Amino acid sequence: QVQLVESGGGLVQAEGSLRLSCTTSGQTGRHYAMGWFRQAPGHEREFVAAITWSGGTTDYADSVKGRFAISRGNAKNSVYLQMNSLKPEDTAVYYCAADERWAAMRTWYRGIDYWGKGTLVTVSS
């Protein structure tokens with residue numbers, strides 16, 4: 001089992017920045033791709049960004065390209081989401097996820113190995 005714990009959420013004004021963190025524990029001997037997802041009230045969960053185990057490849061939803069940046073810590077057990085130029089429509093609960101399959105990050109709705117419990121980001125106008 002792998003446990004994922006997110007942190008860094010909070011209230012920020014539009015055009016502000018936040019940095020989310022996700023730390024993993026458990027079966028750290030495996031190589032997991034990791035991603036960030038979000039779910040706004042009344043909306044379905046959606047993909048935000050993902051990064052491979054090595055950190056060499058990243059992927060972003062069109063809605064966050066150029067504003068958000070995903071990265072991994074050197075020990076590979078942490079992933080970060082730097083969010084800049086935040087908009088009220090970025091308000092959501094942000095979830096961290098891990099899966100050994102890179103493709104699962106985009107096809108998460110078919111199942112993903114591990115989810116965190118989420119951290120709330122609220123962007124005021």
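Attention here is on the structure that accompanies the text. (Residues numbered from 1 in each chain as written. Predicted model: local features only at pLDDT ≥ 70, side-chain atom pairs only at ≥ 80, totals over all residues. Heavy atoms only, no water.)

**Quick look at the overall build of the chain**
- Along the backbone of the chain there are zero helices and 11 strands.
- When the helices and strands of the chain are placed in sequence order, the string is β-β-β-β-β-β-β-β-β-β-β.
- Expected size for 125 residues packed as a compact globule is a radius of gyration near 14 Å; at 13 Å, the chain falls within 12% of this value.
- The principal-axis extent of the C-alpha atoms belonging to the chain is close to 45 × 30 × 25 Å.
- Of all 125 residues assigned to the chain, the portion counted as buried reaches 45%.
- At a minimum sequence separation of 6, the contacts of the chain that also span at least 24 residues come to 56%. (Helix = DSSP H or I, 4+ residues; strand = E, 2+ residues; numbered from the N terminus. Rg over C-alpha atoms; globule rule 2.2 N^0.38 Å. Buried < 20%, exposed > 50% of the residue type's maximum accessible area, 1.4 Å probe, protein only. Contact = heavy atoms within 4.5 Å.)

**Examining the side chain of R72**
- Take R72: it is sitting in strand β7 (residues 68–72).
- In this structure R72 is buried but unpaired, with D99 as the nearest side chain of opposite charge at 11 Å.
- Reaching out from R72, the side chain makes a polar contact with the backbone oxygen of K76 at a distance of 2.9 Å. (Lys, Arg positive; Asp, Glu negative; His and termini not counted. Salt bridge = Lys/Arg side-chain N within 4 Å of Asp/Glu carboxyl O. Polar contact = N/O pair within 3.5 Å; in protein donor to acceptor, adjacent residues only side chain to side chain.)

**Let's talk about the environment of T122**
- Looking at the secondary structure, you find T122 in strand β11 (residues 119–124).
- For T122, a relative accessible area of 27% puts it in the partly exposed group.
- With 82 residues separating them along the chain, T122 and A40 place their C-alpha atoms 9.9 Å apart.

**Comments concerning the packing of aromatic side chains**
- Considering all chains together, one arrives at seven aromatic pairs under this definition.
- An angle of 80° between the planes, with centres 5.9 Å apart, marks the rings of Y32 and Y114 as edge-to-face. Of this pair, Y32 sits in the loop between β3 (18–26) and β4 (33–39) while Y114 sits in strand β10 (residues 114–115), placing them 82 residues apart in sequence. Note on accessibility: Y32 and Y114 belong to one class, buried.
- A ring pair is formed by F37 and W115, whose centres lie 5.0 Å apart and whose planes are at 70°; its orientation type is edge-to-face. (Phe/Tyr/Trp six-rings, centres within 6.5 Å; stacked < 30°, edge-to-face > 60°.)

**Quick look at the pairing of strand β1 (residues 2–7)**
- Side chains V2, L4 and E6 of β1 all project onto a buried face; the interleaved residues Q3, V5 and S7 project onto a face where none is buried.
- Of the pairings in the sheet, the one linking β1 to β3 comprises six bridges and is antiparallel in character. For V5, the partnering residue across the bridge sits in β3 and is T23. (Pairing = 2+ DSSP bridges.)

**Focus: the sheet that holds β7**
- Overall, antiparallel pairing links the four strands, which are arranged β1-β3-β8-β7 in an open sheet. The open sheet terminates on both sides in strands that have one partner only, identified here as β1 and β7. Direction aside, the axes of adjacent strands within the sheet are offset by 15° on average. (Axes fitted to C-alpha atoms, helices over the stretch in contact; angles between N-to-C directions.)

**Some remarks on the pattern of salt bridges**
- Taken as a whole and assessed by the stated rule, the structure comprises seven salt bridges.
- When the shortest N-O distance is used, the salt bridge between R30 and E100 registers 3.5 Å. Separated by 70 residues along the polypeptide, R30 in the loop between β3 and β4 and E100 in the loop between β9 (92–99) and β10 bring together distant segments of the chain.
- Of the charged contacts in the structure, one is a salt bridge between D62 and K65, with a shortest N-O distance of 3.3 Å.
- When salt bridges with common partners are traced through the structure, they connect R38, E46, R67 and D90 into a single cluster.

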